[in-house]
Amino acid sequence: MRLNKAFIILSLVFGCGMTSCSLDEQLGSTLTREQADSLIKVPALLISAYNGLQLPFQDQSNFWALQEMTADEAVAPTRGGDWDDNGVWRALKLHNWTPDHTYISNTFSNILQLQFLASNVLSFNPTAQQAGEARFLRAFAMFSILDGWGQVPFRNPGDTLLNAPRVMQPAEATAYLISELTEVINTLDESVPAYTANKNAARALLMKVYLNKGAWANRAAPTFDAADMQKVIELADAITASGKYSLTNYFDNFAYNNDAISKENIFTQRNGPGFSTVRSGNAVFCHWAPTLHYNQDPSGWNGYATISDFYDKFEATDVRRGGSYPGVTEKSGLKVGFLVGQQYNAAGTALKDRKGNLLSFTRELKLQETDPNTLEVTGIRVVKYPPDMTSNETKSSNNANNDYVFLRYADVLLMKAEALLRTNNAPAALTIVNQIRTNRQASVWASIDLDKLIDERGRELYWEGWRRQDLIRFGKFLDVWQLKPSDNPKNLLFPIPTSDLAVNKNLKQNDGY
């Protein structure tokens, strides 16, 4: 067997995008399979695939932004001359994006590159375990593309890169993910760390496929097949039966040592010095820097906030609302969760903004702040990941050790509760939700319905990158909410980027764009 040299070079440099690469056919020389195998090592390719998660999912302006900034949990207001970026953040909040929106286009390309990197592993004789991990990573990428854009470019391993990939529509892509993840579960290990693809990660992702299946088929009017909901319940029970997980201290799931102290995290990405070569502003540091003020410790970029209507969904006793956190508050004065009101340093001294005004975060917030005396303090700030304060390098750089969380046990329990509720077993759903609420020191409920459950998913999973998907599934994404006065059904899908339509004739623009 002989391989095109262009394909080998692409492998060595971690490939190109699924839909936008071009090749110089002058490279036409070939290598034998034996020569290729001597140059390309599967473990290195697999590491590259894991690293491929970082840019599209950890970066603050990629898929996280598309899931959270478009929903009711996060907002990036323009503050004077800061955070304008030609209006891209306002477009996300107002749902008036176009096919040329920079962050939508970048995210689409970056997730497809992850898909390519994972699929490429399968071309070089991986072991069953290596293949299972690569297939899971590929499925995670495809799941995300399907969720965001409703059509999934796809290549089989070894397909020529000179032809545009074919495109799966929702029904085919959903069926593929169900089949693929069902098979992958049997090839993965259950005893590996959370930052390695594992059986329970595949089960949890498969739960999300079954739960969103009817929403992907009809986003305007999602349906929920009883057999699909039963699959969700069975998969949740299998995860519970593994005995690996239990509800724990809420913010421990996101701390710098969450790999050691969390009992909930099912699938994460390992962070810290030396664990990734992809360090261009797209690690977990980017989940506290955008929201913190310049004069806080750690110093931030003074941007992101949440709306007061979302903050008001929390009871005062709910630990998820935040407070002091060991290893952070005593070192810097910074609390975690939601930051509202006067902020202090470690000595208890009231902090000030850059103009000398008291740094007291307010509930009031506009998409464009212009008052120079208030623009740095408007908006309730959110710190979901307690900053890694172990060194100056970790708290203010991409070397922070907090592993990024994709899937965790509380989400599994809430998905099971949703499946039970959608199959008319509200008492069992209520028991599960009250188990979580009791652990989080929120009041116990006497009853439950879908409206209460979507709010509870917001309280439990805020700023974890699931909110847009949840709101669509619950039929609430097009609702009017604070700072978003209107909407259009076309926004249930993101537009296919103009640049990708130009290079892949198999892609079709989504309706309304």
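Residues numbered from 1 in each chain as written. Predicted model: local features only at pLDDT ≥ 70, side-chain atom pairs only at ≥ 80, totals over all residues. Heavy atoms only, no water.

A.B. asks: Talk me through the overall build of the protein; I want residue IDs and the actual numbers.
C.D. replies: Across its full length, the protein carries 20 helices and 13 strands. For 513 residues, the compact-globule estimate of 2.2 N^0.38 gives 24 Å, and the C-alpha radius of gyration of the protein, at 23 Å, lies within 12% of that figure. For the protein, the spread of C-alpha atoms along the three principal axes comes to 70 × 50 × 45 Å. Each of the 513 residues in the protein was classed as buried or not, and the buried ones make up 60%. A fraction of 69% describes how many contacts in the protein between residues 6 or more apart in sequence connect residues 24 or more apart. For the protein, the accessible area works out to roughly 18800 Å², and carbon and sulfur atoms hold 51% of it. Here the protein carries 50 positive and 54 negative side-chain charges, and the mean point of each set is 1 Å from the other. (Helix = DSSP H or I, 4+ residues; strand = E, 2+ residues; numbered from the N terminus. Rg over C-alpha atoms; globule rule 2.2 N^0.38 Å. Buried < 20%, exposed > 50% of the residue type's maximum accessible area, 1.4 Å probe, protein only. Contact = heavy atoms within 4.5 Å. Areas by Shrake-Rupley, 256 points an atom, 1.4 Å probe, with all protein chains shown as cover. Lys, Arg positive; Asp, Glu negative; His and termini not counted. Charge placed at Lys NZ, Arg CZ, Asp CG, Glu CD.)

A.B. asks: Break down the packing of aromatic side chains for me, with residues and values.
C.D. replies: A complete count under the given rule lists 38 aromatic pairs for this structure. A cation over an aromatic ring shows up here: Arg-422 above the ring of Phe-474, its NZ or CZ 4.8 Å from the ring centre. (Phe/Tyr/Trp six-rings, centres within 6.5 Å; stacked < 30°, edge-to-face > 60°. Lys NZ or Arg CZ within 6 Å of the ring centre and 35° of its normal.)

A.B. asks: So what's going on with the sheet that holds strand β7 (residues 322-323)? Which residues, and what values?
C.D. replies: Across the sheet, which stays open at both edges, the three strands sit in the order β7-β8-β12 with antiparallel pairing between neighbours. Pairing within the sheet leaves two strands with one partner each, and these edge strands are β7 and β12 (381-383). (Pairing = 2+ DSSP bridges.)

A.B. asks: Outline helix α9 (residues 170-185), listing residues and values.
C.D. replies: Compared with the 22 Å implied by 1.5 Å per residue over 16 residues, the 22 Å span of α9 between its first and last C-alpha is a close match. Along α9, the residues classified as buried are Ala-173, Thr-174, Tyr-176, Leu-177, Ile-178, Glu-180, Leu-181, Val-184 and Ile-185. Packing partners of the buried residues in α9 comprise α8 (128-149), β4 (152-154), β5 (166-168), α10 (199-217) and α11 (226-241). (Expected span 1.5 Å × (residues − 1).)

A.B. asks: How would you summarise empty space enclosed by the protein if you had to cite specific residues and measurements?
C.D. replies: Taken as a whole, this structure holds five cavities of 30 Å³ or more when the rule is applied. The computed volume of the largest cavity comes to approximately 130 Å³. If you trace the largest cavity, you find 13 residues lining it, with Phe-57, Phe-63, Phe-406, Glu-464 and Gly-465 closest to the centre. Among the elements of the structure, α5 (63-68), α8 and β13 (404-408) are those that each provide at least two residues to the lining of the largest cavity. Across the lining of the largest cavity, the residue classes break down as nine nonpolar, three polar and one charged. (1 Å grid on protein atoms, 1.4 Å probe; cavity = no way out; pocket = protein on both sides within 12 Å on 5 of 7 lines; lining within 4 Å. Points joined across faces, edges and corners; volume = space filled by probe spheres on them. Nonpolar A, V, L, I, M, F, W, Y, C, P; charged D, E, K, R; others polar.)

A.B. asks: Could you give an account of the nonpolar core, with specific residues and numbers?
C.D. replies: What tends to happen in soluble globular proteins is that the nonpolar side chains get buried as a cluster. The biggest cluster of nonpolar side chains holds 143 residues, and the ones touching the most others in it are Trp-89, Phe-136 and Trp-149. Counting residues per element, this core draws most heavily on α8, which supplies 11 residues. (Core = buried A, V, L, I, M, F, W, Y, C linked by side-chain atoms within 4.5 Å.)

A.B. asks: Just give me the short version of the pattern of salt bridges, but keep the residues and values in it.
C.D. replies: If you walk through the whole model with that rule in mind, you get 36 salt bridges. Its salt-bridge partner being Arg-354, residue Asp-82 comes within 3.5 Å of it at the nearest N-O pair. One end of the pair, Asp-82, is in the loop between β3 (78-79) and α6 (88-94); the other, Arg-354, is in the loop between β9 (341-342) and β10 (360-361), with 272 residues separating them in the sequence. Relative accessible area serves as the criterion here: at 49%, Arg-354 is assigned to the partly exposed category. (Salt bridge = Lys/Arg side-chain N within 4 Å of Asp/Glu carboxyl O.)

A.B. asks: So what's going on with the side chain of Lys-93? Which residues, and what values?
C.D. replies: Looking at the element boundaries, Lys-93 is found in helix α6. Buried charge Lys-93 goes without a salt bridge, the closest partner of opposite sign being Asp-72 at 6.9 Å. Only 3.1 Å separates the side chain of Lys-93 from the backbone oxygen of Met-69, close enough to count as a polar contact. Apart from the residues lying within four places of it in its own chain, the contact partners of Lys-93 are Glu-68, Met-69, Ala-71, Asp-72, Ala-74, Val-75, Leu-367, Trp-481, Leu-483 and Lys-484. (Polar contact = N/O pair within 3.5 Å; in protein donor to acceptor, adjacent residues only side chain to side chain.)

A.B. asks: Tell me about the environment of Leu-367, residues and numbers included.
C.D. replies: Turning to its location among the elements, Leu-367 is positioned in the loop between β10 and β11 (368-369). On the basis of relative accessible area, Leu-367 is assigned to the buried category, the value being 13%. Apart from residues lying up to four places away in sequence, Leu-367 is in contact with Val-75, Pro-77, Thr-78, Arg-90, Lys-93, Leu-94 and Leu-483.

A.B. asks: Explain the confidence of the model for the protein to me, and be specific about the residues and the numbers.
C.D. replies: Mean pLDDT over the protein works out to 92, with 91% of the residues at or above the 70 mark. The element-level mean pLDDT for the protein is lowest in strand β1 (residues 2-4), coming to 39, with helix α16 (residues 409-422) highest at 99. Counted against residues more than four places away or in other chains, residues 1-29, with its pLDDT under 50, gives 65 contacts. (pLDDT = per-residue confidence, 0-100.)

A.B. asks: Can you lay out the packing of α10 against α11 for me, pointing to particular residues and giving the numbers?
C.D. replies: Close contact between α10 and α11 brings their axes to 9 Å; oriented N to C, the two are set at 160°. One element, α10, and the other, α11, form an angle in the roughly antiparallel class. The crossing of α10 and α11 is left-handed. Touching Asn-200, Arg-203, Ala-204, Leu-206, Met-207, Tyr-210, Leu-211 and Lys-213 of α10 are Asp-228, Met-229, Lys-231, Val-232, Leu-235, Ala-236, Ala-238 and Ile-239, all from α11. Here the contact of α10 with α11 is built from residues that sort into 11 nonpolar, one polar and four charged. (Axes fitted to C-alpha atoms, helices over the stretch in contact; angles between N-to-C directions. Parallel < 35°, antiparallel > 145°, perpendicular 65-115°, else oblique. Left-handed = near helix turned anticlockwise from the far one by under 90°.)

A.B. asks: Can you tell me about the packing of α11 against α16, naming the residues and giving the values?
C.D. replies: In contact at an axis separation of 9 Å, α11 and α16 are set at 145° when each is read in the N-to-C sense. Crossing geometry of α11 relative to α16 is assigned as left-handed. In this structure, α11 uses Met-229, Val-232, Ile-233, Ala-236, Asp-237, Ile-239 and Thr-240 to contact α16, whose residues at the interface are Tyr-409, Val-412, Met-415, Lys-416, Ala-419, Leu-420 and Arg-422. For the contact of α11 with α16, the per-class residue count stands at 10 nonpolar, one polar and three charged.

A.B. asks: Can you tell me about unusual backbone geometry, naming the residues and giving the values?
C.D. replies: Cis geometry marks the peptide bond from Asp-297 to Pro-298, where omega comes out at 5°. Along the chain, Pro-298 turns up in the loop between β6 (265-269) and α13 (308-311). The backbone of His-95 sits at a positive phi, close to 60°, despite the residue not being glycine. Mapped onto the fold, His-95 is located in the loop between α6 and α7 (102-121). Exposure remark for His-95: the relative accessible area of 5% places this residue in the buried category. Notably, Gln-441 is not glycine yet its phi reads approximately 65°, a positive angle. The residue Gln-441 is located in the loop between α17 (426-439) and α18 (450-461) in this model. Owing to a relative accessible area of 52%, Gln-441 belongs among the exposed residues under this scheme.

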